[in-house]
Amino acid sequence: MKIDFTIPKNTILTEGIHTVKVTGITIGTNLKTGNKFFKCVFSNKEGFLPQWFYITDGSKPFLRKLFNACGIYDDIAEVKDLLNKELKIQVVYKNLINPVTGEITKEISSCVNFEFLNNFN
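Everything numeric in this text was worked out from a predicted model, so none of it was measured.

1. Focus: the packing of aromatic side chains
Logical step 1: For the structure shown, the criterion picks out eight aromatic pairs.
Logical step 2: Ring geometry for Phe38 against Phe67: centres 6.4 Å apart, planes inclined by 75°, an arrangement best described as edge-to-face. Here Phe67 lies in helix α1 (residues 60-69) and Phe38 lies in strand β2 (residues 36-44), a separation of 29 residues in the sequence. Taken individually, Phe38 and Phe67 each receive the classification buried, so the pair is uniform in this respect.
Logical step 3: Look at Phe42 and Phe114: their rings are 6.5 Å apart centre to centre, the planes differ by 45°, and that puts the pair in the tilted class.

2. Thoughts on a nonpolar patch on the surface
Logical step 1: A cluster of nonpolar side chains, contributed by Met1, Ile3 and Phe5, occupies part of the molecular surface with about 490 Å² of accessible area.
Logical step 2: On the secondary structure map, Ile3 appears in the segment before β1 (16-29).
Logical step 3: Judged by its relative accessible area of 55%, Ile3 is exposed.

3. So, the side chain of Ser110
Logical step 1: The topology assignment puts Ser110 in strand β5 (residues 104-116).
Logical step 2: You can call Ser110 buried: its relative accessible area is 12%.
Logical step 3: Look past the residues within four positions of Ser110 in its chain and what remains in contact with it is Leu49, Gln51, Gln90, Val91, Val92 and Lys94.

4. Quick word on the pairing of β1
Logical step 1: With six bridges connecting them, β1 and strand β4 (residues 86-97) associate as antiparallel partners. Within the sheet, the bridge partner assigned to His18 lies in β4 and is Ile89.
Logical step 2: Sheet topology note: the β1/β2 ladder contains eight bridges and is antiparallel. Note on β2: the bridge partner recorded for Ile27 is Phe38.
Logical step 3: The loop that links β1 with its antiparallel partner β2 comprises six residues; one of these, Gly34, has a positive phi angle of about 80°.

5. Observations regarding the pairing of β5
Logical step 1: Looking at chain direction, β4 and β5 are connected through 11 bridges and run antiparallel. Following the sheet pairing, Tyr93 is matched in β5 by Ser109.
Logical step 2: As consecutive antiparallel partners, β4 and β5 are separated by six residues, and within that stretch Gly102 has a phi angle of approximately 80°, a positive value.

About the thresholds
- Residues numbered from 1 in each chain as written.
- Predicted model: local features only at pLDDT ≥ 70, side-chain atom pairs only at ≥ 80, totals over all residues.
- Heavy atoms only, no water.
- Phe/Tyr/Trp six-rings, centres within 6.5 Å; stacked < 30°, edge-to-face > 60°.
- Helix = DSSP H or I, 4+ residues; strand = E, 2+ residues; numbered from the N terminus.
- Buried < 20%, exposed > 50% of the residue type's maximum accessible area, 1.4 Å probe, protein only.
- Patch = residues over 30% accessible without salt bridge, like charges linked within 9 Å, V, L, I, M, F, W, Y side chains within 5 Å.
- Areas by Shrake-Rupley, 256 points an atom, 1.4 Å probe, with all protein chains shown as cover.
- Salt bridge = Lys/Arg side-chain N within 4 Å of Asp/Glu carboxyl O.
- Contact = heavy atoms within 4.5 Å.
- Pairing = 2+ DSSP bridges.

Here's what the structure looks like:
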């Protein structure tokens, strides 16, 4: 029997809609702005997507969609309750452009939509 000791390299999820599980949560505060944030890691067998969410009045409708897609409908919700929840996310890629030179400096992936996963285990 042969054993393959290579460890598969995790990759960022491709553009499109993916069924994922929240496999990691990190909570923090931006030292420059003082804004609180949390980072979710969305994962499936194809890869993962780390996504930072800043908690501001403007972001609350978007955050509510995330919580609702995870089956959490409370008016005051605990971020850690997202852990191990399954949902569908939409991933897009965007280019960051240097405003001075017009050159693309980086390509970033981002989660732009959430959907409830209709499975009742």
